[in-house]
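Here is how the chains run, residue by residue.
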Amino acid sequence: MKMTKKLTAILAVIAGLSLGGLPVWEWGTQPVFAEVEDDHDKHEEEDHDDHDEEGDAHEEHEDHDEDVVRLDSEAMRDFGVEVREAASGHLAVYTRLPGEVVIDPDRLVHVVPRVPGVALQVHKSLGDRVRVGEVLAVLESRELAELKSAYLVARERVQLAQKTFAREEKLWKETISSERDYLEAEQNLAEHRIELRAAEQKLHALGFSHAYLDALTFEEDQHFTRYEIHALQEGIIIEKHLSLGEVLKGDVEAFVIADLSSVWAKLTVYQKDLASVRQGQAVQIVTEGATAVEGRISYVSPIVDEKTRTTVARVVLDNQDNQWRPGAFVSGLVAVEASAVSLLVPKSALQMVEGQTVVFVETEEGFEPRAVHVGRSNEVDAEIVDGLERGQRYVARGAFTLKAQLAKGSFGDGHSH
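Residues numbered from 1 in each chain as written. Predicted model: local features only at pLDDT ≥ 70, side-chain atom pairs only at ≥ 80, totals over all residues. Heavy atoms only, no water.

Trainee: Hey, could you run me through the sheet that holds strand S8 (residues 235-240) in this one?
Mentor: Within a sheet, adjacent strands bond to each other through the backbone by hydrogen bonds, running parallel or antiparallel. Reading across the sheet, the four strands line up as S3-S10-S8-S5 and stay open at both edges, with antiparallel pairing between neighbours. Edge positions in the sheet fall to strand S3 (108-111) and strand S5 (129-130), since each has one partner strand and no second. (Pairing = 2+ DSSP bridges. Helix = DSSP H or I, 4+ residues; strand = E, 2+ residues; numbered from the N terminus.)

See below:
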């Protein structure tokens, strides 16, 4: 019975349930599925178009934001960003003078102990910053003890000689003592006073004050041989030749202190450039890894070296920020002629962004990179032919910081996209 029902169902499907020669799955099911799929594809295309429009708008907004860098005044100060107005100027032709940074000899102190001794304490090390009068080291000196003893003995002898003289003077006035005794007492007092003055001057030469000598006694056993080495100027210890327990002679330097707040740029002037270099002339001092600064030639040596046929020009550089390190090579750019240009910017304002030379211009939204066309240039400045207008505010220094922010997106506090 069950087998008959199954067979009947199969025959019905094959023979009686076909219409127009098309099977059910071809006539009934497939077109319905196709219609559904078409509607689904249509909705997908519409959704995709909507997402594309939103994406384009979002990308356009992001592109606009990515082209603008925002920095507040604190961040600009921290990153050394300097803004100027675009203006005309003179493009100079420079003569490059090689040179090096040297310490100002008037700001260099060689600390030498005034008496020999053994290093009992050493308070400062190489590279330490010191103040005027600060104790650098303490010596134990036998020679100092002898000088103090001589002074104290001379002081006692003067006091005794004064008493003898006062007694002899009284006796002589009373005609009890002879004039000869009186004169001998007077001479003896004078001689002891001379000895005391000599001993006192030796201790003053070592730095001891009148107040210290007046209070000095033999009972000061602990400090009798103690000699302190003091800093004679403010600065940094650049040399140290003293270790704990070391015997130091009185003519050997223990420390060298340099005040590097102001240094010299010592430039070499060749004979062919002597006519272009003169005292008071403006000069650009440049070196690798440092911002160029403008200074003035304070001295030009009147003597030409017989071997090198060169002379020396000196430029005083402010070094409060420790930008200039003694021993570093520098170049001095001396302008020998100049031509007027309609728009001039420092080379530090030019940056390469996506293969284009740009200048960061200040706008209401922030700092925006503008492509510019550069004309003539020298080691310091460049002429802008197109892309920047006179009066526009642009980043003259610190533009590399803005370029870096464009590359990585954000620095943190004080700026945003």
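Trainee: Hey, could you run me through the pattern of salt bridges in this one?
Mentor: Between side chains of opposite charge, pairing is possible as soon as their charged atoms come close. Across all of its chains, the model carries 15 salt bridges by this definition. In this structure, Glu82 and Arg84 form a salt bridge, with 2.9 Å as the shortest nitrogen-oxygen distance. Exposure remark for Glu82: the relative accessible area of 31% places this residue in the partly exposed category. A salt bridge links Glu195 to Arg157; its shortest N-O distance comes to 3.8 Å. In this pair, Glu195 sits in helix H5 (residues 179-205) while Arg157 sits in helix H4 (residues 142-173), placing the two residues 38 residues apart along the sequence. In this structure Glu195 comes out as partly exposed when scored by relative accessible area, which is 37%. (Salt bridge = Lys/Arg side-chain N within 4 Å of Asp/Glu carboxyl O. Buried < 20%, exposed > 50% of the residue type's maximum accessible area, 1.4 Å probe, protein only.)

Trainee: Is there a simple way to think about H5 in this case?
Mentor: Along an α-helix, residues three or four apart share an orientation, since each turn contains 3.6 residues. Between its first and last C-alpha, H5 extends 39 Å over 27 residues, near the 39 Å set by a 1.5 Å rise per residue. All of the buried residues along H5 are Tyr182, Ala185, Leu189, His192, Leu196, Ala199, Glu200, Leu203 and His204. Lining the buried residues of H5 we find H4 and helix H6 (210-215). Directly beyond the C-terminal end of H5, a positive phi value near 105° is found at Gly207. (Expected span 1.5 Å × (residues − 1). Contact = heavy atoms within 4.5 Å.)

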